[in-house]
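For reference, the chains in residue letters:
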Amino acid sequence: MRRVGIAAGGAGRVADARAGLVWLAPGYPSHAMRKSLMRVLALDYGSARCGCALSDPTGTIVTPIEMVSSPATRRGLAKIEALVREREVERVVVGLPLSLRGGDSEQTLETRAFAYELSLRLGEGVPVELYDERFTTRMAQRESLAHPTTTASEDSRAAAHMLESWLMARSR
């Protein structure tokens, strides 16, 4: 795989929003990044559990769904792969937990490794992109205080906030 900037017009399997880089799989079509109808799965990765949220194909509605336990294990990756297949997901966005200053931490490095392993597992057909997730957990915590009857896990609500942000940024 080679690394290029998004501005170069490429598409990739793993994109790094902070660095503006995309890892290109050989033969990956450059038109894959254009705006179109697609179902997107957002993951708020943590080593113990991974919050999940799904968009409708139009990118209008975001729904938190059941979280995945131990997502970096074979069983966890298989469950995410099954979600992608069953829900006809065309792109996966993994939340990148940058520090407040925008730097990497131990969790950021673990998340990057998880996103890379997931991209290998899913193959070229489903790009995996990293996206800044700062403050999404805080937003989910505030939401649970405002709406205590919410049944979705805090991690999945955080994934939903991150996906809404990603969809808004993409529509600009």
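Refer to the structure presented above.
Residues numbered from 1 in each chain as written. Predicted model: local features only at pLDDT ≥ 70, side-chain atom pairs only at ≥ 80, totals over all residues. Heavy atoms only, no water.

1. Quick look at unusual backbone geometry
- Not every positive phi belongs to a glycine, and S70 is a case in point at roughly 45 degrees.
- You can see S70 is positioned in the loop between β6 (62-69) and α1 (74-86).
- On the accessibility criterion, S70 (31% relative accessible area) is partly exposed.
- Even without being glycine, E88 reaches a positive phi, approximately 55 degrees.
- Note on placement: E88 falls in the loop between α1 and β7 (91-96). (Helix = DSSP H or I, 4+ residues; strand = E, 2+ residues; numbered from the N terminus. Buried < 20%, exposed > 50% of the residue type's maximum accessible area, 1.4 Å probe, protein only.)

2. Description of the side chain of D56
- Inspection of the secondary structure assignment puts D56 in the loop between β5 (49-55) and β6.
- There is no salt bridge for the buried D56, and the closest opposite charge comes from R39, which lies 6.7 Å off by N-O distance.
- At 2.8 Å, the side chain of D56 and the backbone nitrogen of I61 are in polar contact. (Lys, Arg positive; Asp, Glu negative; His and termini not counted. Salt bridge = Lys/Arg side-chain N within 4 Å of Asp/Glu carboxyl O. Polar contact = N/O pair within 3.5 Å; in protein donor to acceptor, adjacent residues only side chain to side chain.)

3. Section: the pairing of strand β8 (residues 128-132)
- Among the five residues in β8, four count as buried, and that is most of the element.
- Taken together, the five bridges between β7 and β8 define a ladder with parallel strand orientation. Note on β8: the bridge partner recorded for G95 is Y131.
- Running through helix α2 (residues 106-122), the crossover from β7 to the neighbouring parallel element β8 is right-handed. (Pairing = 2+ DSSP bridges. Right-handed = clockwise from strand over helix to strand, strands pointing away.)

4. Digging into the pattern of salt bridges
- Applying the stated criterion across every chain yields a total of five salt bridges.
- Between D155 and R49 there is a salt bridge, with its nearest N and O atoms 2.5 Å apart. One end of the pair, D155, is in helix α4 (residues 154-171); the other, R49, is in strand β5, with 106 residues separating them in the sequence.
- Owing to a relative accessible area of 41%, R49 belongs among the partly exposed residues under this scheme.
- With a closest N to O distance of 3.0 Å, R112 and D104 form a salt bridge.
- According to the relative accessible area criterion, R112 is buried, its value standing at 17%.

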